[in-house]
Amino acid sequence: MTLSNLGKPTAETCILVTGGAGYIGSHTCVELLNGGYKVVVLDDLSNSSAVCLERVRKITACEPEQLIFFEGSILDEALLNHIFTQHTIDAIIHFAGYKAVGESTEKPLEYYWNNFAGTLVLCKVAREHQVNNLVFSSSATVYGDPETIPLSEDCPKGTPTNPYGHTKSMIEQVLFDLHASDPHGCIVLLRYFNPIGAHVSGLIGEDPKGIPNNLVPYVAQVAVGKREHVGVFGDDYPTTDGTGVRDYIHVVDLARGHVKALEWMANTDKACVEVFNLGTGTGSSVLEVIKAYEQACGKPIPYRVQPRRAGDIAVSYASCEKALRVLGWEASFDLVRMCEDSWRWQSNNPDGYR
Ligand code: WQD
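Notes on the structure in this doc start here.

**Structural notes on the site of the ligand**
Taken together, 17 residues surround the ligand, and among them Y164, L215, G231, R246 and D312 come closest. Between an oxygen atom of the ligand and a main-chain N or O atom of L215, the distance comes to 2.8 Å. G231 has a polar backbone atom sitting 2.7 Å from a nitrogen atom of the ligand. Contact with the protein chains covers 89% of the free accessible surface of the ligand, which is 680 Å². Element by element, the count of residues in the shell around the ligand is highest for strand β8 (residues 230–233), at three residues. Of the residues in the shell around the ligand, the class split is seven nonpolar, seven polar and three charged.

This is the structure we're talking about:
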């Protein structure tokens, strides 16, 4: 499979999206379909819903054959072989994986098995079918507790504070090693900062199972009346207001970064592995997020300060210079717009896809 096969997308340029029914995966499917690609989704629906893909069809008004869905796991080698035999895959965007930080510390074996071993199976089958172009959903968590801020791609990788983060870092290493042993095609590692928000239609969005681990989905559930108040995990960090600072990025900006990565791969005439931070370059504190959400939903969001959460770092935000220089990508939505789009999804779907 040569890079040129990715060329200017035609209705036959086929992208396998593992985890494509998930939060970031489904938003990326929307951008791929809008960009004229054919999309094949593999998702085990362990943390997502097939309803989400029906919403993707509605948003994009795509032809049925442009979005193909297989329910199953990346651990299922026979199913992967079937998919790669049925469809000429030009590139893979690999999202599939468990992603709850806290859960990963309680169930490390499940995380290493599903995320890490699953990726090994995917890479084995892809190689057997000569598919060498892959975009990997990585995370800023691979930087650990950084010495320098903002974080650029050449900042050394740190020690993740949980098994989830370790799986992301280990998968990055596998992809580097696979490429070094057989430099064909193009591998892009996208290190996400903190994705939030939802498609402007309000039809797809973040639908966490149980009590949300992450800040914004929790704030959203307080705003819609499902939770009493937000617990602010610590207000004694060395930041402007003492609360944790993160680089929140609109999930649609993030999704568009994946399309830009495919376009770059198509125009790259050499085999490569490249890392890109996908963030906004702006840090926002927990209290600033709560304030922005209040502005977006027009309601007060009650909160109570609680002790710090184990494993949390004080400050993390990106230098996104490389993604702009190389991919021609930069985030375009600000924090209030992220909260407005999150609120539209949450208020229209108080119980998510259920
Ligand atoms: C953000 C800030 C908390 C919840 C994690 C993963 C990362 C990625 C994104 C998957 C912090 C504070 C949070 C709450 C709070 N996940 N907070 N009350 O920890 O930066 O990143 O999610 O890819 O890999 O590490 O995101 O949203 O959990 O926390 O005060 O109820 O909000 O302390 O400062 P985090 P988060």
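Picking up where we left off.
**Structural notes on helix α9 (residues 286–297)**
Along its twelve residues, α9 runs 17 Å from first to last C-alpha, staying within 8% of the 16 Å computed at 1.5 Å per residue. All buried positions along α9 are accounted for by V286, V289, I290, A292, Y293, A296 and C297. Buried residues of α9 fall within an arc of 165 degrees about the axis and therefore sit on the same side. Of the exposed residues in α9, those oriented more than 90 degrees away from the buried face are K291 and Q295. Elements that come into contact with the buried residues of α9 comprise α7 (215–223), β8, β10 (248–250), β12 (284–285), β13 (303–306) and α11 (335–348).

**As for the pattern of salt bridges**
This model, assessed by the stated rule, comprises 16 salt bridges. The closest approach of N and O atoms between R309 and D312, which form a salt bridge, is 3.0 Å. When its relative accessible area of 37% is taken as the criterion, R309 is described as partly exposed. In this structure, the salt-bridge partner of R337 is D341, at a minimum N-O distance of 2.7 Å. Highlighted residues: R337 and D341, both in helix α11, separated by four residues, approximately one helical turn. By relative accessible area, R337 is classed as partly exposed at 26%. Through salt bridges with shared partners, one network takes in E77, K124 and E128.

Criteria and thresholds
- Residues numbered from 1 in each chain as written.
- Predicted model: local features only at pLDDT ≥ 70, side-chain atom pairs only at ≥ 80, totals over all residues.
- Heavy atoms only, no water.
- Near = heavy atom within 4 Å.
- Polar contact = N/O pair within 3.5 Å; in protein donor to acceptor, adjacent residues only side chain to side chain.
- Areas by Shrake-Rupley, 256 points an atom, 1.4 Å probe, with all protein chains shown as cover.
- Helix = DSSP H or I, 4+ residues; strand = E, 2+ residues; numbered from the N terminus.
- Nonpolar A, V, L, I, M, F, W, Y, C, P; charged D, E, K, R; others polar.
- Expected span 1.5 Å × (residues − 1).
- Buried < 20%, exposed > 50% of the residue type's maximum accessible area, 1.4 Å probe, protein only.
- Arc of directions from axis to C-beta.
- Contact = heavy atoms within 4.5 Å.
- Salt bridge = Lys/Arg side-chain N within 4 Å of Asp/Glu carboxyl O.

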